[in-house]
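Fold and contact review
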Amino acid sequence: MPKDLHVAILIMAAGTSSRMKTIKQLLPWGDSTLMGNALNNARYSKATKVLTVLGAYQEEIQQATDFRHCETIYNPDWKMGLGNSIACGTKYLLGQDQVYGGIMVMLTDQPLIDDQYLNALIDNFSNSQHSIVATKYVDRVGVPAIFGKIHFKALMELNSDHGAREIIKTHPSDVMGIAADGKELDIDTLEEYERVKKSNQ
């Protein structure tokens, strides 16, 4: 029996990207930015709702990004780390009228993650008994990842810089890992950005 199909996507865009020495979310990508690219892919997916959590560069990102048909919230405690921003976004989502069967956490610095891959995660989540569907990496599974209702309380209690990693680690039997075939690559430095941009555009 398929689960409740309503999945919300939380795009995490609150950090300072300190290793970049620039606003990572606004680096050019295609005819947009890393932020715009993540937003468009989330928008074109089967997700019911897209919510972006902003923090460090809220004003700059809002001025440079078309957030039409998508909501944004500001996390005043963004300095507390990724986990705190996930908790902030989850609390906001669960305070709305819509009931969600799953919440997907995705980042802005994985530009190769496209709407087809997001839909693959949503489809696998909807049609399986697993309460977590996450992306396979060489030595672990991680985001983008969808967490079912049973994990919403844990998402709201996150308060570290580890994001949702701990929830995944403590519930290994609940996790289905999906191969992203290289799309899971994330960008942490300007050198990585230039290399990935060159080979994919």
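Scope of this entry: the structure provided in the associated data block.

Parameters at a glance
- Residues numbered from 1 in each chain as written.
- Predicted model: local features only at pLDDT ≥ 70, side-chain atom pairs only at ≥ 80, totals over all residues.
- Heavy atoms only, no water.
- Pairing = 2+ DSSP bridges.
- Helix = DSSP H or I, 4+ residues; strand = E, 2+ residues; numbered from the N terminus.
- Axes fitted to C-alpha atoms, helices over the stretch in contact; angles between N-to-C directions.
- Contact = heavy atoms within 4.5 Å.
- Salt bridge = Lys/Arg side-chain N within 4 Å of Asp/Glu carboxyl O.
- Buried < 20%, exposed > 50% of the residue type's maximum accessible area, 1.4 Å probe, protein only.
- Core = buried A, V, L, I, M, F, W, Y, C linked by side-chain atoms within 4.5 Å.
- Disulfide = S-S within 2.5 Å.
- Phe/Tyr/Trp six-rings, centres within 6.5 Å; stacked < 30°, edge-to-face > 60°.
- Lys NZ or Arg CZ within 6 Å of the ring centre and 35° of its normal.
- 1 Å grid on protein atoms, 1.4 Å probe; cavity = no way out; pocket = protein on both sides within 12 Å on 5 of 7 lines; lining within 4 Å.
- Points joined across faces, edges and corners; volume = space filled by probe spheres on them.

The subject of this paragraph is the sheet that holds strand β1 (residues 7-13). Taken together, the 7 strands give an open sheet; going across it, the order is β5-β4-β1-β6-β8-β7-β9, and neighbouring strands pair in mixed fashion. Looking along the sheet, the strands with just one partner apiece sit at the ends: β5 (71-74) and β9 (175-179). Averaged over all pairs of adjacent strands, the angle between strand axes in this sheet comes to 25 degrees, irrespective of strand direction. Here strand β6 (residues 102-107) pairs with strand β8 (residues 141-148) via 4 bridges, running antiparallel. Bridge pairing links G102 to G148 in β8. Each of β1, β4 (49-54) and β6 touches helix α1 (residues 34-44); the most contacted strand, β1, lies at about 180 degrees to it.

With the rule as written, the count across this model stands at 8 salt bridges. Across the salt bridge formed by D123 and K46, the nearest N and O atoms sit 2.8 Å from each other. In this pair, D123 sits in helix α4 (residues 115-127) while K46 sits in the loop between α1 and β4, placing the two residues 77 residues apart along the sequence. For D123, a relative accessible area of 30% gives the class partly exposed. Among the residues examined, K46 registers a relative accessible area of 48% and is labelled partly exposed. One salt bridge connects K169 with E166, and the closest N-O pair in it is separated by 3.6 Å.

A word on the nonpolar core. By size, the foremost hydrophobic cluster in this structure holds 28 residues, and its most contacted members are I9, I11, M104, M106, L121 and I146. Counting residues per element, this core draws most heavily on α4, at 5 residues.

Below, the discussion takes up the state of the cysteines. Overall, the coordinates contain 0 disulfides when judged by the stated rule. Sulfur of C70: no disulfide; nearest cysteine sulfur belongs to C88 and is 17 Å away. According to the relative accessible area criterion, C70 is buried, its value standing at 11%. What makes C88 buried here is its relative accessible area of 19%.

Turning next to the packing of aromatic side chains. Taken as a whole, this structure holds 0 aromatic pairs when the rule is applied. Seen from the ring of Y137, R140 lies directly overhead, with NZ or CZ sitting 4.1 Å from the centre.

The next point concerns the pairing of strand β7 (residues 132-136). Judged by how many residues are buried, β7 sits mostly within the fold: 4 of 5 residues are covered. As judged from the 5 bridges shared by β7 and β8, these two strands associate in the antiparallel manner. Within β8, the residue paired with K136 across the bridge is V141. A loop of 4 residues connects β7 with β8, the two strands running antiparallel in sequence. Examined bridge by bridge, β7 and β9 share 5 bridges and lie parallel to one another. Its bridge partner being in β9, T135 is matched across the sheet by I178.

Bringing the layout of surface pockets into the picture now. Approximately 940 Å³ is the volume attributed to the largest pocket. Lining the largest pocket are 33 residues, and of these L82, L107, D109, D161 and D188 sit closest to its centre. Mapped by element, the contributors of at least two residues to the lining of the largest pocket are β1, α3 (82-94), β6, β8 and α6 (165-170).

Let us look at unusual backbone geometry. Cis rather than trans, the peptide bond between V143 and P144 has omega equal to 0 degrees. Here H69, not a glycine, exhibits a phi torsion of approximately 70 degrees, which is positive. Of note, H69 is situated in the loop between α2 (58-64) and β5. Residue H69 is classed as exposed on the basis of its relative accessible area, which comes to 79%. Even without glycine at this site, D181 takes up a positive phi of about 55 degrees. Looking at the secondary structure, you find D181 in the loop between β9 and α7 (190-200).

So yeah, pure geometry; function would need other evidence.
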